[in-house]
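Breakdown of the fold
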Amino acid sequence: MKQILLSMSMLFAMSVNAQDCSELFISEYIEGPGNNNAIEIYNPTNATIDLSQYMIVRYSNGATSATAEYAVQLSGSIAPYDVYVGVVDKQDPNGTGNEAPVWDSLAVRADGWYSPDYLVNKTWYWNGNDAVVLAKGTPADIPGAQLIDVFGKIGENPGSGTGAGWTS
C-alpha cells in the first residue's frame, strides 16, 4: 500500500510541476570558436510553425535596444516536436579570418543560413556578452515585437574573461 501511495504521490508531484509549453523556444545556443555561431529553436506543439513570423534579435554588449541591423527575419518552418538550426552564413571553404567557414559538423545541421555580411547585418555575430532574442515580429518594428524567448539578459553585459557570466 505504501508503494502505491508513494507512486501516486510522485505522479501527482510531477504533474503539478509540468509546464504547458505552447510556443517556440531557444533550445540551444552555440558560440564556438571563429564563426561557429548557431541557434536551435524547438517546436513543442503538434502543428508545423511558419518561421517567417519570427526573428532573431541581438542586443549587443548590454544594450537595452536594438536596430534593424541587429535583427534578422527567419525563414522556413519547424515540424511538430522538431528543431530548426540557424547558422551564421560563412560557407566559403576558402574563407579565412573573419570569413572562415563554419565547421562541417555544424554546417550539416543547418536548416537556415543568416547574416553573411557583417557590414549589412550584425545579428548572428554574438560573442558571449550579447542577449539573443527570439521574437514574433519584424526587424522594421523591434519595439512592437512580441518577445518569445531570450538567451542572456537584455541590458546586462556580463563582461568577459575568467569569472564573467550572467547573474541570477
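Helix and strand counts for the protein come out as two helices and ten strands. Along the protein, helices and strands appear, N-terminal first, in the series α-β-β-β-β-β-β-β-α-β-β-β. Taking all 168 residues of the protein together, 37% fall into the buried category. Carbon and sulfur atoms provide 54% of the accessible area of the protein, an area that totals close to 9700 Å².

The tally for this structure, following the rule as stated, stands at four salt bridges. The partner of Lys90 in a salt bridge is Glu99, and the shortest N-O contact between them spans 2.8 Å. Lys90 sits in the buried class, given a relative accessible area of 3%. Residue Glu156 is joined to Lys153 by a salt bridge in which the shortest nitrogen-to-oxygen separation is 3.5 Å. A relative accessible area of 15% places Glu156 in the buried class.

Inspection of every chain in the model, using the stated rule, returns six aromatic pairs. Note on Tyr118 and Tyr125: the rings are 5.1 Å apart at their centroids and 85° apart in plane angle, and the pair reads as edge-to-face. Since its relative accessible area comes to 38%, Tyr118 is described here as partly exposed. A centroid spacing of 5.4 Å and a plane angle of 40° characterise the contact between Trp124 and Trp126, whose relative ring orientation is tilted. The residues Trp124 and Trp126 share a single accessibility class, namely buried. Put simply, the rings of Tyr29, Tyr114, Trp124, Trp126 and Phe151 pair up and form one aromatic cluster.

On to the environment of Ala145, then. Of note, Ala145 is situated in the loop between strand 9 (131-136) and strand 10 (146-151). The spacing of Ala145 and Met55 is 90 residues in sequence and 9.1 Å in space, taken between C-alpha atoms. Among residues more than four places away in sequence, those in contact with Ala145 are Met55, Ala135, Lys136 and Gly137.

Next up on the list: the pairing of strand 4 (residues 54-59). For strand 4, the buried fraction is high: six of the six residues fall into the buried class. Pairing of strand 4 with strand 9 involves six bridges; the strand directions are antiparallel. Counted as the bridge partner of Arg58 is Val132 from strand 9. By the bridge criterion, three bridges tie strand 4 to strand 5 (residues 71-73) in an arrangement that is antiparallel.

Conventions we followed
Residues numbered from 1 in each chain as written. Predicted model: local features only at pLDDT ≥ 70, side-chain atom pairs only at ≥ 80, totals over all residues. Heavy atoms only, no water. Helix = DSSP H or I, 4+ residues; strand = E, 2+ residues; numbered from the N terminus. Buried < 20%, exposed > 50% of the residue type's maximum accessible area, 1.4 Å probe, protein only. Areas by Shrake-Rupley, 256 points an atom, 1.4 Å probe, with all protein chains shown as cover. Salt bridge = Lys/Arg side-chain N within 4 Å of Asp/Glu carboxyl O. Phe/Tyr/Trp six-rings, centres within 6.5 Å; stacked < 30°, edge-to-face > 60°. Contact = heavy atoms within 4.5 Å. Pairing = 2+ DSSP bridges.

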